[in-house]
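# Residue-level structural notes
Read off the chains here:
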Amino acid sequence: MSKTVLIIGAGVAGLTAAKAAVKRGCRVILSGREPYLPYYRPRLIEVLSAGLSVDALFIQKPEWFKTSGIELKLSLIAQEIDVENKTAIFADDSRVHYDELVLACGAVPNKAVLPFACDVFGLRSYDDALAINKACSEKGSAFIVGGGLLGIETAFALHKRGIKVSVAERAEYLLPRQLDRIGGDFLKARLEQTGITIYVNVAGSAIQSHLQESTVIAASGIIPDIGFLRNSSIAVSRGILVDEAMKTSLSDVFACGDMAEFNSSIPGLAIVAVKQGETAGISACGDQAVYCEPIGSPLLKVADISVMSVGSVEIDEDATVLRYQNGPNYGVAVLRQGRVRGAALIGNTSAGVKLKAAVENKTVFTSLATFEDLLLRL
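Quantities reported herein were computed from a predicted structural model and do not represent experimental measurements.

Moving on, we get to the overall build of the protein chain. Each helix and strand in the protein chain was counted, giving nine helices and 22 strands. Structurally, the protein chain occupies a C-alpha span of about 65 × 55 × 40 Å along its principal axes. Split into buried and exposed, the 378 residues of the protein chain put 52% on the buried side. Across the protein chain, the fraction of contacts at a sequence separation of at least 24, relative to all contacts at a separation of at least 6, is 60%. Of the roughly 17,400 Å² of accessible surface on the protein chain, 47% is carried by carbon and sulfur atoms. Averaging the locations of the 38 positively and 40 negatively charged side chains of the protein chain gives two centres separated by 4 Å.

Below you can see the structure in the form of structure tokens.
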């Protein structure tokens, strides 16, 4: 008799794990807290900008699940894991037994950055997007706390609908995880030309007066959704601690996606969720799989402004920094010992694929004097 693999969380990580497990002959139960089929969360931005319906976001159509071999259970909120009896307990008091468990519940928005705001929205679900649209239509303005990828995308999605939008970033410049200081300032100047108000290096209390008349949206990171595990013996830190097989501290429990912490990191990227989900699904079936963290290359495109980054552009005393700026275009590359460790492009991002390959392949360059020299050698 095949083992039962229960997967809690029907996002891209959970669905990828389910596909990998069912392919190996396991009985697979996939549960999700929302009433909708698994959908692409990054496309929630399109719900804000264009009012897309949830069925337009589905990863797989309803017909696919009928023959997939995956038992899909929706509207189930995990409440407790009884690890001794290998049983998941849900908020409606239903229970599901498992042989192997994969946790892929994702994360929730970090609203702690706004303790003084009584009504704060986050964008993690389709219902969140509907609520934001409704609130913005009523108030006519939005104040977004967080100048990262999600904050900027959210700002321009609402701006596109005619909503008055402001963005506040606590760091000294925009996209602090993708850009250097000069690049962040360059991007801010370009974005402000579109009519969006942007504040940087702002403490929470300094923006309190701006929030009274606006719909307040938190876009300052995520918190892994691990509250229901506090009474279990599954080891957690910021997220669920996992090894390279996505195995937790218990041999029959695995985790992946935004609730998994691997090598002290929770990247919060879709490409990571897919890789981890596949590894977790294979491992849960008893087969060998090793997760290798992919090099992310986030791409932002708003108001005809493109931003692409790869690796880390963190600058220290051992780094060689090459920069390029010409009109609407900016580029930066950070090298150590002749290797490109990170790069970012604003405007013309056509060299992005080659820069990513240079980072992934650990290509060594010699005698580079300018950013243009690097581009010629790619």
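What follows picks up the thread again.
Our next topic: the packing of aromatic side chains. Evaluation of the coordinates by the stated rule reveals seven aromatic pairs. Of the aromatic side chains, those joined through ring pairs into one cluster are Tyr36, Tyr39 and Tyr126. Against the face of tryptophan 64 rests lysine 19, its NZ or CZ located 5.3 Å from the ring centre.

What follows is about the sheet that holds strand E5 (residues 87-90). Taken together, three strands build an open sheet; the order of strands is E4-E5-E6 and the sheet is antiparallel. The open sheet is flanked by strand E4 (78-82) and strand E6 (95-97), the only strands paired with a single partner. On average, each strand axis in the sheet is inclined to that of its neighbour by 20°, with strand direction left out of account. The pairing of E5 with E6 spans three bridges and is antiparallel. Within E6, the position partnered with alanine 88 by the bridge is valine 96.

Looking now at helix H1 (residues 12-23). Residues spaced three or four apart along an α-helix point in a common direction, a consequence of the helix completing one turn every 3.6 residues. When the terminal C-alpha atoms of H1 are compared, their 17 Å separation across 12 residues agrees well with the 16 Å that a helix rising 1.5 Å per residue should span. The elements touched by buried residues of H1 are strand E1 (4-8), strand E2 (27-31), helix H3 (62-68), strand E3 (70-73), strand E7 (100-103) and helix H7 (270-284). A positive backbone phi angle near 85° is found at glycine 25, which sits one or two residues after H1.

Let us now look at the nonpolar core. If you look at the biggest cluster of nonpolar residues, it comprises 97 residues, and the most contacted ones within it are Leu103, Leu158 and Leu187. Among residues more than four places away in sequence, those in contact with leucine 103 are Ile8, Phe228, Leu229, Ile234, Ile240, Val253, Phe254, Ala255, Cys256 and Met259. Core analysis: the second largest hydrophobic core is formed by 16 residues, Met308, Leu322, Ala351 and Phe371 among them.

Bringing the pairing of strand E11 (residues 164-169) into the picture now. Most of E11 sits inside the fold, with five of its six residues counted as buried. Examined bridge by bridge, strand E10 (residues 141-145) and E11 share five bridges and lie parallel to one another. Residue pairing across strands places phenylalanine 143 opposite serine 166, the latter belonging to E11. Handedness of the crossover joining E10 and E11 through helix H5 (residues 149-160): right-handed. Bridging between E11 and strand E12 (residues 197-200) involves four bridges; their strand directions are parallel. Bridged to glutamate 169 within E12 is valine 200. Taking the sense of rotation as the criterion, the β-α-β connection linking E11, helix H6 (residues 181-192) and E12 turns out right-handed.

On to the sheet that holds strand E20 (residues 320-326), then. Pairing in this open sheet of five strands is antiparallel, and the strands run E18-E19-E22-E21-E20 from one edge to the other. The open sheet terminates on both sides in strands that have one partner only, identified here as strand E18 (299-302) and E20. Averaged over all pairs of adjacent strands, the angle between strand axes in this sheet comes to 10°, irrespective of strand direction. Inspection of the sheet shows strand E19 (residues 305-311) paired to strand E22 (residues 339-346) by five bridges, in the antiparallel sense. Paired with serine 309 across the strands is alanine 344, a residue of E22. Lying on the sheet, helix H8 (residues 352-360) is in contact with E19 and E22; it crosses E22 at an angle near 160°.

The terminal C-alpha atoms of H5 lie 17 Å apart, and with 12 residues this matches the ideal 16 Å at 1.5 Å per residue to within 8%. Buried residues of H5: Gly151, Ile152, Thr154, Ala155, Phe156, Ala157 and Leu158, and no others. After H5 finishes, the residue glycine 162 shows a positive phi value of roughly 90°.

With that settled, consider the packing of H1 against H7. For any two helices packed against each other, the geometry is given by the interaxial angle and the distance between the axes. Their axes nearest at 7 Å, the elements H1 and H7 cross at an angle of 35°. Handedness of the H1/H7 crossing: right-handed. The segment H1 lies against H7, with Val12, Ala13, Thr16, Ala17, Ala20 and Ala21 engaging Ala273, Val274, Gly277, Glu278, Gly281 and Ile282. Residues of the contact of H1 with H7, tallied by class, amount to eight nonpolar, three polar and one charged.

Definitions and limits used
Residues numbered from 1 in each chain as written. Predicted model: local features only at pLDDT ≥ 70, side-chain atom pairs only at ≥ 80, totals over all residues. Heavy atoms only, no water. Helix = DSSP H or I, 4+ residues; strand = E, 2+ residues; numbered from the N terminus. Buried < 20%, exposed > 50% of the residue type's maximum accessible area, 1.4 Å probe, protein only. Contact = heavy atoms within 4.5 Å. Areas by Shrake-Rupley, 256 points an atom, 1.4 Å probe, with all protein chains shown as cover. Lys, Arg positive; Asp, Glu negative; His and termini not counted. Charge placed at Lys NZ, Arg CZ, Asp CG, Glu CD. Phe/Tyr/Trp six-rings, centres within 6.5 Å; stacked < 30°, edge-to-face > 60°. Lys NZ or Arg CZ within 6 Å of the ring centre and 35° of its normal. Pairing = 2+ DSSP bridges. Axes fitted to C-alpha atoms, helices over the stretch in contact; angles between N-to-C directions. Expected span 1.5 Å × (residues − 1). Core = buried A, V, L, I, M, F, W, Y, C linked by side-chain atoms within 4.5 Å. Right-handed = clockwise from strand over helix to strand, strands pointing away. Left-handed = near helix turned anticlockwise from the far one by under 90°. Nonpolar A, V, L, I, M, F, W, Y, C, P; charged D, E, K, R; others polar.

By themselves these figures say nothing about function.
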